[in-house]
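Next come the chains, spelled out residue by residue.
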Amino acid sequence: MSVAYRWAKPLLFRLDPEQAHTLSIRALKTGLLPRIEVPTDPRLKVELAGLSFPNPLGLAAGYDKNGEVPDAMLKMGFGFIEVGTVTPQPQEGNPKPRIFRLPEAGAIINRLGFNNDGHAEVAARLKKRVRKAGIVGVNIGANKDSGNRIADYVAGVHCFAPLASYLTVNISSPNTPGLRTLQKGDELVELMHAVAAARDGAAALAAVPPCPIFLKVAPDLSLPEIGAIADTVRKYKLDGLIVSNTTLSRYGVEGREHGEESGGLSGRPLISRSSFALAAFRKALGPDFPLIGAGGVESARTCLAKMEAGADLVQFYTALVYAGPRLPLRILNGLVHYLDKSRAPNLRRIRDTRVDEILERGPPPAEQVGN
């Protein structure tokens, strides 16, 4: 943790979490960013879905919901940024308070509900950076009151495919009622068919390569559900999966203040559950399918653990709240140290090395809460 953040953190933590988040976005927009010398080691590069990532660290969706500060976040050392979730129409999200810190557990519970400025506002911001360097993906979702959620995702593809490095179809948030049903059966098949057709049609009309599409899934899936999603993903030739979103489980935060708040749990307690789902998807999809691991990453060690479980890239957000803006740099330096010590040519060597062990151990207890 930097000296500046060590000083600022107690002040920020006196604020409501949402107020502190808004303040951090405003600070980044004004250029108040510490100077960070980011490692550019070629051993950290990852080629995936037709994109060349300078390093495997990604900022997960949820921090820069409205595409206000992607370039500032790239300067912190992230190899890619994901903005959103963005819905066709602006929406306020769920009633406040809706974010709860659990600092002793390194966790957060949120029930935000896709609060965002909508397609038009976010697209206008991204158009201003369309020729800038850096990989910036857009996470798309459906409005809470939508009469046709699949149409909302198709609209997201049409709006952002020309502007984004990749798109993420988010059907795994627990905070929009009924959204996770899109992960199952005929609904998932219909969604994937519509999204793939929209992406391919837009690319054909513009005479450009199709925009890569990732699917973001929940960590609370059963093994049969994981197998069914894997079959659908293969059929429609998606470019990758992000495993995972927040969990409804309260394993690791039982008895803590705010631990029983409704919403999705993120941060340190999610590492074992999300890594089990990640390993199961790697087993189901094989060694060549791109997987992005999210959930519980807070150090070089946990980043490497995600790769051992099957991840090509990783994403995190919650850990930034507790560790501050120099966390990406510390993780990158830790990865370079690992490469030096192991004499590995790149990080690909450790990928999948613990998949079988993780699956044999099984997921942690559910400690399930209501949706």
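Analysis parameters
- Residues numbered from 1 in each chain as written.
- Predicted model: local features only at pLDDT ≥ 70, side-chain atom pairs only at ≥ 80, totals over all residues.
- Heavy atoms only, no water.
- Pairing = 2+ DSSP bridges.
- Helix = DSSP H or I, 4+ residues; strand = E, 2+ residues; numbered from the N terminus.
- Axes fitted to C-alpha atoms, helices over the stretch in contact; angles between N-to-C directions.
- Salt bridge = Lys/Arg side-chain N within 4 Å of Asp/Glu carboxyl O.
- Buried < 20%, exposed > 50% of the residue type's maximum accessible area, 1.4 Å probe, protein only.
- Parallel < 35°, antiparallel > 145°, perpendicular 65-115°, else oblique.
- Left-handed = near helix turned anticlockwise from the far one by under 90°.
- Contact = heavy atoms within 4.5 Å.
- UniProt positions renumbered as here; feature names shortened; annotations may be inferred.

1. Remarks on the sheet that holds strand E12 (residues 291–294)
Then comes step 1: Ordered in space as E3-E4-E7-E8-E9-E10-E12-E13, the 8 strands form a closed barrel in which the pairing is parallel. Direction aside, the axes of adjacent strands within the sheet are offset by 25° on average.
Then comes step 2: Taken together, the 2 bridges between strand E3 (residues 57–59) and strand E4 (residues 80–86) define a ladder with parallel strand orientation. Bridging across to E4, Gly 58 finds its partner in Phe 80.

2. Here we look at the pattern of salt bridges
Then comes step 1: For the structure shown, the criterion picks out 22 salt bridges.
Then comes step 2: Across the pair Arg 98 and Glu 18 runs a salt bridge whose closest N-O atoms are separated by 2.7 Å. Of this pair, Arg 98 sits in the loop between E4 and strand E5 (99–102) while Glu 18 sits in helix H2 (residues 17–29), and the two are 80 residues apart along the sequence. Here Arg 98 matches Glu 18 in class, with each residue buried.
Then comes step 3: Put simply, Arg 199 and Asp 200 hold a salt bridge, and the shortest N to O gap is 2.6 Å.

3. Observations concerning the packing of helix H4 (residues 119–127) against helix H5 (residues 149–160)
Then comes step 1: Two elements in contact, H4 and H5, have axes whose closest approach is 11 Å; the angle formed by their N-to-C orientations is 20°. One element, H4, and the other, H5, form an angle in the roughly parallel class. Two packed elements cross with a definite hand, and for H4 against H5 that hand is right-handed. Of the residues in H5, those touching H4 at His 119, Val 122, Ala 123 and Leu 126 are Asp 152, Ala 155, Gly 156, Cys 159 and Phe 160.

4. Describing the UniProt feature "domain: Dihydroorotate dehydrogenase catalytic" (unreviewed entry) in the chain
Then comes step 1: As annotated by UniProt and renumbered to match this structure, "domain: Dihydroorotate dehydrogenase catalytic" (unreviewed entry) occupies residues 44–338.
Then comes step 2: The straight-line gap between the two end C-alpha atoms of residues 44–338 is 11 Å; of that span, 35% is helix and 19% is strand.

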